Amino acid sequence: MNGSGDMTLAFDLSALQALAEPDRVFTDARQWTEYVGVVSEKPTYVVTNFTRKHRIRQDFFSGPRGREESLESVQEQFDTERHVFVGTNEEDRELAERVDWEYLPVEDAAEAAGWTLAADAEPTAEPVEDERDDWP
């Protein structure tokens, strides 16, 4: 992703879940953004469980607030040149426009940054044929 490093990047949880290696995505994003985090309409524990499982350290998250209120709050707290919201659908695009964030579909973000979408990921292990020769 080209452009200024003076950026706040927010992922909708569903966009982050659409990526094969969300932990790598955050590590990469930290190289060219000031702040990176997750927003979601899901309960806080859902986001927390996902980020813990993937060892993601986020600079902000939506907590008990909805996505719109969260994005507005993040924009007030993190004064960067750009605020970019990565989402998955038209509803996400409309939300970004309402709160004056740039919108980036997760597919475009993945292509620009060299990230792999979960749907395109290679299986992590080949299916193992029954290799035991002592098995009947």
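Before reading further, recall that the structure is shown in the block above.
None of these values were measured; they are calculated from a predicted model.

Conventions and cut-offs
Residues numbered from 1 in each chain as written. Predicted model: local features only at pLDDT ≥ 70, side-chain atom pairs only at ≥ 80, totals over all residues. Heavy atoms only, no water. Helix = DSSP H or I, 4+ residues; strand = E, 2+ residues; numbered from the N terminus. Buried < 20%, exposed > 50% of the residue type's maximum accessible area, 1.4 Å probe, protein only. Areas by Shrake-Rupley, 256 points an atom, 1.4 Å probe, with all protein chains shown as cover. Contact = heavy atoms within 4.5 Å. Polar contact = N/O pair within 3.5 Å; in protein donor to acceptor, adjacent residues only side chain to side chain. 1 Å grid on protein atoms, 1.4 Å probe; cavity = no way out; pocket = protein on both sides within 12 Å on 5 of 7 lines; lining within 4 Å. Points joined across faces, edges and corners; volume = space filled by probe spheres on them. Nonpolar A, V, L, I, M, F, W, Y, C, P; charged D, E, K, R; others polar.

A.B. asks: Looking at this model, I keep getting lost on the overall build of the chain. Mind explaining?
C.D. replies: Check the secondary structure of the chain and you find six helices and five strands. Ordered by position from N to C terminus, the α and β elements of the chain give β-α-α-β-α-β-α-β-α-β-α. Going through the 136 residues of the chain one by one, you find that 40% of them count as buried. Working note: accessible area of the chain is about 8300 Å², and carbon and sulfur atoms make up 43% of it.

A.B. asks: Sorry if this is basic, but what is going on with the environment of threonine 33 here?
C.D. replies: Residue position: threonine 33 is located in the loop between α2 (22-32) and β2 (35-39). Separated by 49 residues in the primary sequence, threonine 33 and arginine 82 place their C-alpha atoms 9.5 Å from one another. The residues touching threonine 33, leaving out its near neighbours within four places in the chain, are Gly5, Met7 and Leu9. Within the structure, the side chain of threonine 33 is placed 2.7 Å from the backbone oxygen of alanine 29, a separation counted as a polar contact.

A.B. asks: Could you clarify how one ought to interpret empty space enclosed by the protein in this entry?
C.D. replies: Leftover empty space is mapped by rolling, across the atoms, a probe with the size of a water molecule. Across all of its chains, the model carries one cavity of 30 Å³ or more by this definition. Taken together, Leu19, Ala20, Glu21, Arg24, Val25, Trp115 and Thr116 make up the lining of the largest cavity. Its residues assigned to classes, the lining of the largest cavity comprises four nonpolar, one polar and two charged.

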